[in-house]
There are 2 protein chains.
Amino acid sequence: MRLVVIGGMAAGLSAASRARRIDPKLDIVVLEKGDMVSVGLCGLPYYVEGRIGTPEGLVTYSAERLTRERNLQVRTGARVAAIQHPSRQVLLAGGERVGYDKLIIATGARPKPVALPFDCPQVFSLYSVAEARRLREFLDSARPRRAAVLGAGYIGLEAADVLHARGVRVSLWEREETVLGRRDYALTADVRDHLEAYGVEVRLGPQAREVPSEPFDLVVAAAGMLPDVSLAAEAGARLGPTGAIATDEHMETSLNGVYAAGDCAESRCRITGRPVWIPLGTTANRMGRVAGAVAAGRRERFLGIVGTSIVRVLGLSIGLVGLGLEEAQSEGFEAVSVRIQAPDRAKYFDAKPATVELVAERRTGRLLGGTVLGAEGTAGRVNVIAAALTAGMTVEEFEQLDLAYTPPLAPVADPLLVAARRLLRLLD
Amino acid sequence: MRLVVIGGMAAGLSAASRARRIDPKLDIVVLEKGDMVSVGLCGLPYYVEGRIGTPEGLVTYSAERLTRERNLQVRTGARVAAIQHPSRQVLLAGGERVGYDKLIIATGARPKPVALPFDCPQVFSLYSVAEARRLREFLDSARPRRAAVLGAGYIGLEAADVLHARGVRVSLWEREETVLGRRDYALTADVRDHLEAYGVEVRLGPQAREVPSEPFDLVVAAAGMLPDVSLAAEAGARLGPTGAIATDEHMETSLNGVYAAGDCAESRCRITGRPVWIPLGTTANRMGRVAGAVAAGRRERFLGIVGTSIVRVLGLSIGLVGLGLEEAQSEGFEAVSVRIQAPDRAKYFDAKPATVELVAERRTGRLLGGTVLGAEGTAGRVNVIAAALTAGMTVEEFEQLDLAYTPPLAPVADPLLVAARRLLRLLD
């Protein structure tokens with residue numbers, strides 16, 4: 001029995017490792033087109049910042065260690081040209097054929113092509129090791145003074161953060177009128193105010209189509225990603241409404257014995273029940289684990305996601321989970337929301353304000369999503385909302401959550417509960 | 001209609017304020033035996049530390065402000081001598097009678113009497129403003145060098161923390177062999193190691209019955225609390241198996257129209273379904289809010305607690321929630337647990353180790369409790385477990401929680417999920 005995995009990053013290696021743990025005898029081959037595997041790609045901005053010396057610092061397991069400790073055949077520089085499912089073979093770019101009994105497609109995502117609104121000879125992205133290396137070398141050698149970041153999603157914000165840390169003056173351009181892919185003007189105003197306080201220029205909507213008065217020394221294109229589905233699609237695997245590879249809850253594609261996991265695959269939103277595509281490393285790992293287990297013969301299910309994400313930019317942490325108010329409304333919910341600000345611990349412990357927005361369905365009182373902005377504690381708070389969304393809690397149940405309190409770490413009325421109480425009154 | 005509330009701290013004022021919000025016409029009288037109301041008593045250690053100038057710094061609302069903004073009649077120095085329920089009156093110590101239609105008992109808790117294992121002329125507690133003031137004055141004037149703290153519950157640990165911060169050499173004495181009221185030797189070893197690294201002596205079990213070689217300049221007695229139930233019991237209200245006042249889920253006692261809330265009242269454990277008594281400010285506020293709502297005519301329920309608590313001592317945060325392994329076993333569960341240590345963020349962001357123990361029922365896989373030790377993020381992690389316990393999640397569901405990841409704030413595999421994965425294997 002041979003399992004072939006296309007892709008040696010988060011999803012692919014989670015799948016291969018899980019399959020190995022379940023079946024010590026399985027013949028497992030991982031094909032990675034690049035020259036490195038197991039790179040924590042989410043760390044690329046911090047390599048550009050200089051916090052990590054080389055991209056190797058982002059590697060969790062080397063190919064050699066994966067071979068030695070997990071008995072995986074890991075091949076780098078192995079670019080797959082085609083999946084020939086009728087004969088259960090993958091064709092490599094050099095002409096070699098590798099047969100499989102089970103196949104896991106973990107081909108990831110690629111950056112969306114960007115049409116620059118102005119000319120700039122130096123354009124970089126932050127989606128691959130090679131691009132990040134090129135950007136860091138440019139920063140080190142050319143000492144640029146002004147940069148434009150195109151796109152105010154989380155990678156755009158991280159790019160702004162690390163360029164600022166490197167002493168570059170940053171201008172953030174976003175064609176939408178809001179940031180982080182949510183139609184949330186309050187969130188956008190908070191993020192904008194915070195960035196501007198650090199001297200970052202923010203141009204949204206029509207402003208991001210104007211011609212800049214001065215040229216930029218470099219551009220970071222961070223306009224989002226697309227699932228890398230070409231191999232799967234050409235082999236006849238069905239794509240879902242999001243454009244990513246469709247799978248069932250066992251991560252199996254429409255091709256029997258062929259699974260997909262990670263940024264190339266669709267997920268299911270646990271709130272709406274509908275397919276979504278939200279590429280994240282955490283999701284990729286979870287999908288990969290399930291795909292690997294199922295490919296190794298164990299019946300497991302991927303339960304879907306609530307879309308938890310977090311970014312830190314210039315000291316402000318921003319967590320998003322579930323649906324924003326406008327998203328909830330366009331999904332057909334009669335939704336209501338509140339947004340509060342409350343101290344994140346006792347005031348005599350240098351409390352910082354935490355902002356919490358909660359969204360709920362009016363008829364049932366069920367929580368639909370949340371947003372948290374603040375300093376420390378933001379990750380924990382967005383994770384509590386994630387757990388509540390996963391459990392399908394109502395605001396009434398959420399308001400009675402037994403949350404930890406001690407003056408140095410948390411206030412007696414956690415901002416989450418302050419928001420829930422306000423929302424309860426609105427639902428009354 | 002008059003509502004009388006006995007007690008002007010967390011539960012009493014939450015009740016009174018909630019009743020006022022629901023019924024603007026209600027005649028509401030709050031009787032507080034001390035000379036201050038609305039004191040955040042959990043902050044007393046930090047007043048002793050010197051972080052707050054006067055106990056008034058712990059007051060959320062003054063009596064005057066409660067009267068002006070919430071139309072509450074707040075009487076300080078009003079000690080209730082008896083509740084005469086047949087005539088619906090409370091009798092004050094001076095002989096005055098105050099009639100009521102509805103009564104809320106929020107008399108709180110008092111320190112357990114402590115038999116000192118050695119002589120010391122200076123003994124303090126941390127359970128009242130008066131005691132804390134006396135301790136702080138002693139620290140300011142006598143400049144003591146050596147202190148014993150009796151009891152390694154969370155108040156004992158906080159006492160050790162603030163005495164250490166004031167330059168006092170601390171010896172922590174606990175008659176049990178474990179700390180924080182859990183029969184958990186691994187937790188105890190971690191806490192002990194941490195305290196000893198800061199020069200705090202820790203004496204547990206038999207060691208805490210020996211005679212010390214040198215005398216102490218002061219003792220802080222922190223051997224726990226007892227619910228203050230005398231008024232309720234004398235009036236005929238039923239006490240529960242924990243010794244605290246029994247109520248139904250609407251916080252009503254066995255006396256019709258008489259409610260109890262806060263540290264004097266029993267709660268229900270959401271995991272076992274059984275009565276528990278875990279005095280905490282957060283629980284007091286929630287009970288108070290429900291009691292106030294019900295007394296004002298609205299049908300609300302208190303859903304119980306999972307017993308979330310957290311303490312920070314000398315930079316180490318310790319969060320407990322639900323049942324420990326031994327507690328789960330003595331509650332009759334066939335329980336299993338794992339304990340892991342994992343980095344709390346990406347290693348290139350100065351990750352600190354976080355320790356997570358998860359306890360689950362073998363047969364059903366249901367989570368029963370957890371323990372988290374670490375630096376930042378401990379409160380958030382214990383709160384995620386609290387939400388999962390509240391929802392009755394299994395380990396399988398918990399392991400698929402969609403938790404936030406970004407290198408500066410959280411690792412791609414959160415310590416919670418690392419623990420859950422290990423526990424899943426054990427349950428297999």
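The model shown is predicted, which means the values in this text are computed figures rather than measured ones.

Let's talk about the overall build of chain A
Then, number 1: Looking only at helices and strands, chain A features 12 helices and 22 strands.
Then, number 2: Against the 2.2 N^0.38 benchmark of 22 Å for 428 residues, chain A shows a C-alpha radius of gyration of 23 Å, consistent with a compact globule.
Then, number 3: Along the first, second and third principal axes, the C-alpha atoms of chain A reach 65 × 55 × 40 Å.
Then, number 4: A separation of at least 24 residues holds for 64% of the contacts in chain A among residues at least 6 apart in sequence.
Then, number 5: Element-wise, carbon and sulfur atoms account for 48% of the exposed surface of chain A, whose accessible area totals about 16500 Å².
Then, number 6: One finds the centroid of the 52 positive side-chain charges in chain A at a distance of 4 Å from the centroid of its 50 negative side-chain charges.

Description of the interface of chain B and chain A
Then, number 1: Taken together, the contacts link 60 residues of chain B with 60 residues of chain A.
Then, number 2: Taken together, the two surfaces of chain B and chain A that pack against each other cover about 5200 Å², and 58% of this comes from carbon and sulfur.
Then, number 3: Taken as a group, Tyr348, Gln400 and Asp402 of chain B account for 15% of the area that chain B buries against chain A, more than any other trio of residues on that side.
Then, number 4: Linking chain B with chain A are 6 salt bridges, by the criterion used here.

Looking at the nonpolar core
Then, number 1: With 188 residues, the main nonpolar core has Val90 and Phe398 of chain A together with Val90 and Phe398 of chain B as its most contacted residues.
Then, number 2: Membership of the second largest hydrophobic core comes to 53 residues, among which are Trp277, Leu314, Leu320 and Leu373 of chain B.

Examining the domain arrangement of chain A
All names here are of chain A.
Then, number 1: Assigned domains within chain A: domain 1 (2-110 + 225-295), domain 2 (113-221) and domain 3 (315-427).
Then, number 2: Each of domain 1 and domain 3 has a C-alpha centre, and the two are 34 Å apart.
Then, number 3: Taken together, the 4 residues of domain 1 in the interface contact 8 residues of domain 3.
Then, number 4: A buried area of about 530 Å², summed over both sides, lies between domain 1 and domain 3, and 58% of it is on carbon and sulfur atoms.
Then, number 5: A per-residue breakdown of the area domain 1 buries against domain 3 is headed by Arg270, Ile271 and Thr272, which together make up 82% of the total.
Then, number 6: On inspection of domain 1 and its partner domain 3, the count reaches 1 salt bridge.
Then, number 7: The salt bridge involving glutamate 331 is made with arginine 274; its shortest N-O contact spans 2.5 Å.
Then, number 8: Applying the counting rule to domain 1 against domain 3 returns 2 residue pairs in polar contact (both at pLDDT 80 or more).

Digging into the packing of helix H1 (residues 10-22) of chain A against helix H8 (residues 281-295) of chain A
Residue and element names in this part refer to chain A.
Then, number 1: Between H1 and H8, the shortest axis-to-axis distance is 7 Å and the interhelical angle comes to 35°. Judged by the sense of rotation from one axis to the other, the crossing of H1 with H8 is right-handed. Between H1 and H8, the contacting residues are Ala10, Ala11, Ser14, Ala15, Arg18, Ala19 and Ile22 on the first element and Gly281, Ala284, Asn285, Gly288, Arg289, Gly292 and Ala293 on the second.
Then, number 2: Looking at the contact of H1 with H8, its residues break down into 7 nonpolar, 5 polar and 2 charged.

Focus on H8 of chain A
Residues and elements named next belong to chain A.
Then, number 1: Its 15 residues place the ends of H8 21 Å apart at the C-alpha level, agreeing with the 21 Å of an ideal helix rising 1.5 Å per residue.
Then, number 2: Of all 15 residues making up H8, 15 are buried, and the element is well covered by its neighbours.
Then, number 3: At the C-terminal side of H8, glycine 297 shows a positive phi close to 100°.

Concerning the relation of the copies chain B and chain A
Then, number 1: For these two chains of identical sequence, chain B goes onto chain A by a turn of 180° and a shift of 0.0 Å along the axis, with RMSD 0.0 Å. Here the copies are linked by what is in effect a two-fold axis. When each C-alpha of chain B is compared by its distance to the rotation axis, glycine 380 of chain B comes out closest, at 1.8 Å.
Then, number 2: Both copies contact each other with a shared surface, as 100% of the interface residues of chain B are interface residues in chain A too.

So, the sheet that holds strand S22 (residues 367-374) of chain B
All names here are of chain B.
Then, number 1: The strand order across the open sheet built from 5 strands is S18-S19-S22-S21-S20, with neighbouring strands paired in antiparallel fashion. The open sheet has two edge strands, strand S18 (309-313) and strand S20 (335-343), and neither has a second partner. Sheet twist, expressed as the mean angle between neighbouring strand axes with direction ignored, is 10°.
Then, number 2: Across 5 bridges, S18 lies against strand S19 (residues 316-322) in antiparallel orientation. Pairing of serine 309 across the sheet is with leucine 320, part of S19.
Then, number 3: Lying on the sheet, helix H10 (residues 378-391) is in contact with S18, S19, strand S21 (353-361) and S22; it crosses S22 at an angle near 180°.

Considering unusual backbone geometry
All names here are of chain A.
Then, number 1: Backbone geometry places methionine 251, a non-glycine residue, at a positive phi of 70°.
Then, number 2: Along the polypeptide, methionine 251 turns up in the loop between helix H7 (230-234) and strand S15 (258-260).
Then, number 3: A relative accessible area of 1% means that methionine 251 is categorised as buried.

A few points about the side chain of histidine 85 of chain B
Then, number 1: Tracing the backbone through its elements, the reader meets histidine 85 of chain B in the loop between strand S4 (80-84) and strand S5 (89-92).
Then, number 2: If near-sequence neighbours (up to four positions away) are discounted, histidine 85 of chain B is found in contact with Tyr100, Leu255, Asn256 and Val258 of chain B.

What about a nonpolar patch on the surface?
All names here are of chain B.
Then, number 1: On the surface, a cluster of nonpolar side chains totalling about 170 Å² of accessible area is made up of Val114, Leu116 and Val123.
Then, number 2: One can find leucine 116 in the loop between strand S8 (109-111) and strand S9 (123-124).
Then, number 3: For leucine 116, a relative accessible area of 31% corresponds to the partly exposed category.

A few points about the packing of aromatic side chains
Then, number 1: Applying the stated criterion across every chain, the model contains 14 aromatic pairs over all chains.
Then, number 2: Seen from their ring centres, tyrosine 46 of chain A and phenylalanine 349 of chain B are 4.9 Å apart, and the 85° between their planes marks the pair as edge-to-face. Taken together, the residues span two chains, with tyrosine 46 of chain A in helix H2 (residues 44-49) and phenylalanine 349 of chain B in the loop between S20 and S21.
Then, number 3: Ring geometry for tyrosine 348 of chain A against phenylalanine 349 of chain A: centres 5.6 Å apart, planes inclined by 50°, an arrangement best described as tilted.
Then, number 4: Take tyrosine 348 of chain A: its relative accessible area is 16%, and that puts it in the buried class.
Then, number 5: By the ring-pair criterion, three or more aromatic residues cluster together here, those being Tyr46 of chain A together with Tyr348 and Phe349 of chain B.
Then, number 6: One cation-aromatic arrangement involves arginine 70 of chain A over tyrosine 61 of chain A; the distance from NZ or CZ to the ring centre is 4.2 Å.

Some remarks on the environment of aspartate 23 of chain B
Residue and element names in this part refer to chain B.
Then, number 1: Its place among the elements puts aspartate 23 in the loop between helix H1 (10-22) and strand S2 (27-31).
Then, number 2: Residue aspartate 23 is classed as partly exposed on the basis of its relative accessible area, which comes to 21%.
Then, number 3: Considered as a pair, aspartate 23 and glycine 99 are 76 residues apart in the sequence and their alpha carbons are 19 Å apart.

Some thoughts on the sheet that holds strand S5 (residues 89-92) of chain A
Residues and elements named next belong to chain A.
Then, number 1: Taking strand neighbours across the sheet as the criterion, the 3 strands line up as S4-S5-S6 in an open arrangement whose pairing is antiparallel. Each end of this open sheet is capped by a strand with a single partner; those strands are strand S4 (80-84) and strand S6 (97-99). If you compare each strand with its neighbour and ignore which way they point, the axes differ by 20° on average.
Then, number 2: Pairing of S5 with S6 involves 3 bridges; the strand directions are antiparallel. Within S6, the position partnered with glutamine 89 by the bridge is glycine 99.

What to know about the pattern of salt bridges
Then, number 1: Within this structure, the stated rule accounts for 58 salt bridges over all chains.
Then, number 2: With its nearest N and O atoms 3.1 Å apart, the salt bridge here joins arginine 182 of chain B to glutamate 327 of chain B. Taken together, the residues arginine 182 of chain B in the loop between strand S11 (169-174) and helix H6 (185-197) and glutamate 327 of chain B in helix H9 (residues 325-330) connect sequence positions 145 residues apart.
Then, number 3: Given the relative accessible area of 5%, arginine 182 of chain B is considered buried.
Then, number 4: Given the relative accessible area of 24%, glutamate 327 of chain B is considered partly exposed.
Then, number 5: Connected through salt bridges with shared partners, the residues Glu64, Arg65, Arg68 and Glu69 of chain A form a single ionic network.

Calculation rules
- Residues numbered from 1 in each chain as written.
- Chains lettered and ligands numbered in written order.
- Predicted model: local features only at pLDDT ≥ 70, side-chain atom pairs only at ≥ 80, totals over all residues.
- Heavy atoms only, no water.
- Helix = DSSP H or I, 4+ residues; strand = E, 2+ residues; numbered from the N terminus.
- Rg over C-alpha atoms; globule rule 2.2 N^0.38 Å.
- Contact = heavy atoms within 4.5 Å.
- Areas by Shrake-Rupley, 256 points an atom, 1.4 Å probe, with all protein chains shown as cover.
- Lys, Arg positive; Asp, Glu negative; His and termini not counted.
- Charge placed at Lys NZ, Arg CZ, Asp CG, Glu CD.
- Buried area = accessible area lost by both parts, 1.4 Å probe.
- Salt bridge = Lys/Arg side-chain N within 4 Å of Asp/Glu carboxyl O.
- Core = buried A, V, L, I, M, F, W, Y, C linked by side-chain atoms within 4.5 Å.
- Buried < 20%, exposed > 50% of the residue type's maximum accessible area, 1.4 Å probe, protein only.
- Domains from an automatic or database assignment.
- Polar contact = N/O pair within 3.5 Å; in protein donor to acceptor, adjacent residues only side chain to side chain.
- Axes fitted to C-alpha atoms, helices over the stretch in contact; angles between N-to-C directions.
- Left-handed = near helix turned anticlockwise from the far one by under 90°.
- Nonpolar A, V, L, I, M, F, W, Y, C, P; charged D, E, K, R; others polar.
- Expected span 1.5 Å × (residues − 1).
- Least-squares fit on C-alpha atoms with pLDDT ≥ 70 in both.
- Pairing = 2+ DSSP bridges.
- Patch = residues over 30% accessible without salt bridge, like charges linked within 9 Å, V, L, I, M, F, W, Y side chains within 5 Å.
- Phe/Tyr/Trp six-rings, centres within 6.5 Å; stacked < 30°, edge-to-face > 60°.
- Lys NZ or Arg CZ within 6 Å of the ring centre and 35° of its normal.

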